[in-house]
Amino acid sequence: MGLVARQPVVGLRVEAAEPKRTLHVVWHMVTADLLLSSIVLLSRAFAAAPSTALVLFIAGQYVTYAVVFLVVARAADWPRPLLQLPQRMLLLPVGILASIGTT
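Residues numbered from 1 in each chain as written. Predicted model: local features only at pLDDT ≥ 70, side-chain atom pairs only at ≥ 80, totals over all residues. Heavy atoms only, no water.

What follows deals with the packing of helix H2 (residues 52-75) against helix H4 (residues 88-101). Relative orientation of the contacting elements H2 and H4 amounts to 155°, with a least axis distance of 8 Å. Relative to H4, the element H2 is oriented roughly antiparallel. As for the relative orientation of H2 and H4, their crossing is left-handed in sense. Residues Val-55, Leu-56, Ala-59, Tyr-62, Val-63, Tyr-65, Ala-66, Phe-69 and Leu-70 of H2 form the contact with H4, whose own contacting residues are Arg-88, Leu-91, Leu-92, Val-94, Gly-95, Ile-96, Ala-98 and Ser-99. Each residue belonging to the contact of H2 with H4 can be placed in one class, and the counts come to 14 nonpolar, two polar and one charged. (Axes fitted to C-alpha atoms, helices over the stretch in contact; angles between N-to-C directions. Helix = DSSP H or I, 4+ residues; strand = E, 2+ residues; numbered from the N terminus. Parallel < 35°, antiparallel > 145°, perpendicular 65-115°, else oblique. Left-handed = near helix turned anticlockwise from the far one by under 90°. Contact = heavy atoms within 4.5 Å. Nonpolar A, V, L, I, M, F, W, Y, C, P; charged D, E, K, R; others polar.)

Moving on, we get to the side chain of Ser-37. Here Ser-37 shows up in helix H1 (residues 17-45). With near-sequence residues (within four places) excluded, Ser-37 lies in contact with Ile-58 and Tyr-62.

Let us look at the environment of Leu-54. Turning to its location among the elements, Leu-54 is positioned in helix H2. The exposure class assigned to Leu-54 is partly exposed, which follows from its relative accessible area of 34%. Apart from residues no more than four positions distant in its own chain, Leu-54 is found in contact with Val-40 and Arg-44. (Buried < 20%, exposed > 50% of the residue type's maximum accessible area, 1.4 Å probe, protein only.)

Further remarks concern the layout of surface pockets. In this model, the largest pocket occupies a volume close to 450 Å³. Lining the largest pocket are 14 residues, and of these Trp-27, Val-30, Leu-34, Phe-69 and Gln-87 lie nearest its centre. Of all the elements in the fold, those that place two or more residues in the lining of the largest pocket are H1, H2 and H4. Ranked by residue count, the leading element in the lining of the largest pocket is H1, at six residues. (1 Å grid on protein atoms, 1.4 Å probe; cavity = no way out; pocket = protein on both sides within 12 Å on 5 of 7 lines; lining within 4 Å. Points joined across faces, edges and corners; volume = space filled by probe spheres on them.)

What follows is the structure, given as C-alpha cells:
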C-alpha cells in the first residue's frame, strides 16, 4: 500500500524550491512555538498564581507533537524507525511533567 504522488491541479507545475521553502517556514514556526511555550512554562512555574488552563494546553501540545512523531515513525518503511525519529523522547516528558505540575 504505497502512496502515489498526484498533481492537485492538472497542468500545475510545482517547482522543487516551493516545498523546500514551505518546509523551512514550518520548521521555524515549530521552533518559535517550542521556544515561546517553554518560556511561558518557565514563567508560570515561578508565578504567584499559575494559569492551569494555559499550562495544560501547552502540555497537550507537547504530547500531541510526541504522538505525531510516533505515528509518523511507525508508518515509515525504514529499519528501526523509532530510533530514526527520536524527538518524541524529548517532547513527551515535557508534556507529562507539565501536566503533573498542574496538580
